[in-house]
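Listed here are the chains, written in short residue letters.
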Amino acid sequence: MIVSKFGRYTIIHEETFEEVGLSSNVYILKSNNGYIVFDTSGHKELLKFLINLGIEKDKIIGAFLTHGHFDHSNGAISLIRNNIKCYMSYEDLYLINFNPVFDIEDGKRILEEVGLEIIKTPGHTPGSVCFYSESEALLISGDTVFSDGCFGRTDLPGGSNTALKNSLRLLSSLNIKVLFPGHGDYIIENASKIISYALSNAEYMLSNY
Ligand SMILES: [Zn+2]
């Protein structure tokens, strides 16, 4: 298992799950009340990995998905089976085939208690969201933007160039130092610069639509 720590977060890197093919990073926030999981990898048995990290399943408050693609959402299956609530934008329901999933808005209070807010960032999928902590200047970005200045692909069903550019514009107005993307490495400094760079890339490369 490839794991690292930053502040109150534990990161399970995507390579951990390579036996199932494409998978996302998993971010786990530890709060006084328990653990919150952001993205669940493509591994249907994610819970086993969490338990191996010493996380008791009864201490997991819930899991939040940045979007519905299988490489981020399949791990939710093992959590739901163990009565852990999973939250995702209902606009991405068409991408998953398991139940029950709760609408992201219903999880808002859980996030507020740990200082995070939901930022709607459609484009990669219609229901893509990011999670933002103003006090930590930290963004969990899913597949909307990555640490190398690349942005999420828009050519899959439900993708939109215009929506993605608007979402990047919105993100570039925030103060972000730490970027926790869905794939690849995370960065802990100057993430706003990377996001502005991603926006100018997107404006150039997605200029036809
Ligand atoms: Zn995706």
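Let me sum up the structure you'll find in this document. What you are looking at is a predicted structure, and each value in this text was computed from that prediction instead of being measured.

### Points about helix α6 (residues 191-205)
Alright, step 1. Along its 15 residues, α6 runs 21 Å from first to last C-alpha, staying within 8% of the 21 Å computed at 1.5 Å per residue.
Alright, step 2. Those residues of α6 that sit buried are Ala191, Ile194, Ile195, Ala198, Leu199 and Ala202. Looking straight down α6, one finds its buried side chains confined to an arc of 145°; they lie on one side. Counted as exposed and oriented over 90 degrees from the buried face of α6: Ser200 and Tyr204.
Alright, step 3. The elements touched by buried residues of α6 are β10 (138-142), α5 (161-171) and β11 (178-181).

### Quick word on the sheet that holds strand β4 (residues 34-38)
Alright, step 1. Reading across from one edge, β1-β2-β3-β4-β5-β6-β7 is the order of the 7 strands in this open sheet, with mixed pairing throughout. Two strands lie at the open edges of the sheet, namely β1 (3-6) and β7 (102-103), each paired on one side alone.
Alright, step 2. Two strands pair when backbone bridges link them, and β4 and strand β5 (residues 60-64) are joined in this way by 4 bridges, in the parallel orientation. Within β5, the position partnered with Phe38 by the bridge is Phe64.

### Quick notes on the pairing of strand β3 (residues 26-31)
Strand residues, when the strand is regular, have side chains that alternate between the two faces of the sheet.
Alright, step 1. Alignment of strand β2 (residues 9-12) against β3, held across 4 bridges, turns out to be antiparallel. Across the sheet, Thr10 pairs through a bridge with Ile28, a residue of β3.
Alright, step 2. Across 5 bridges, the pairing between β3 and β4 is antiparallel. Paired with Lys30 across the bridge in β4 is Tyr35.

### A closer look at the sheet that holds strand β9 (residues 129-133)
Alright, step 1. If you walk across this open sheet you meet the 4 strands as β8-β9-β10-β11, and the pairing is mixed. Whereas interior strands pair on both sides, the edge strands pair on one side only; in this sheet they are β8 (117-120) and β11. Neighbour to neighbour, the strand axes of the sheet diverge by 25° on average, direction disregarded.
Alright, step 2. Bridge count between β8 and β9: 4 bridges; the pairing is antiparallel. By the bridge assignment for β9, Ile118 is matched with Phe131.

### Some thoughts on α5
Alright, step 1. Those residues of α5 not exposed but buried are Leu164, Lys165, Ser167, Leu168 and Leu171. The buried residues of α5 occupy one face: seen down the axis, they fall within an arc of 160°.
Alright, step 2. Of the surrounding elements, those touching the buried residues of α5 are β9, β10 and α6.

### A few points about the nonpolar core
Alright, step 1. Formed by 52 residues in total, the largest nonpolar core has its most connected members in Cys86, Leu139, Leu168 and Ile195.
Alright, step 2. For this core, the element with the most residues is α6, which contributes 6 residues.

### Observations regarding the pairing of β1
Alright, step 1. Two strands pair when backbone bridges link them, and β1 and β2 are joined in this way by 4 bridges, in the antiparallel orientation. Residue Ser4 lies in a different strand from β2, and its bridge partner there is Ile11.
Alright, step 2. The antiparallel hairpin formed by β1 and β2 contains 2 residues in its connecting segment, where Gly7 sits at a positive phi of about 55°.

### Quick word on the packing of α5 against α6
Alright, step 1. Across the interface, α5 lies against α6 with an axial gap of 9 Å and an inter-helix angle of 155°. Considering the angle they form, α5 stands roughly antiparallel to α6. Of the two elements, α5 crosses α6, and the hand of that crossing is left-handed. Contacts between α5 and α6 involve Leu164, Lys165, Leu168, Arg169 and Leu171 from the former and Ile195, Ala198, Leu199, Ala202 and Glu203 from the latter.

About the cut-offs
- Residues numbered from 1 in each chain as written.
- Predicted model: local features only at pLDDT ≥ 70, side-chain atom pairs only at ≥ 80, totals over all residues.
- Helix = DSSP H or I, 4+ residues; strand = E, 2+ residues; numbered from the N terminus.
- Expected span 1.5 Å × (residues − 1).
- Buried ≥ 20, exposed ≤ 12 C-beta atoms within 10 Å, placed from the backbone.
- Arc of directions from axis to C-beta.
- Contact = placed C-beta atoms within 7 Å.
- Pairing = 2+ DSSP bridges.
- Axes fitted to C-alpha atoms, helices over the stretch in contact; angles between N-to-C directions.
- Core = buried A, V, L, I, M, F, W, Y, C linked by C-beta atoms within 7 Å.
- Parallel < 35°, antiparallel > 145°, perpendicular 65-115°, else oblique.
- Left-handed = near helix turned anticlockwise from the far one by under 90°.

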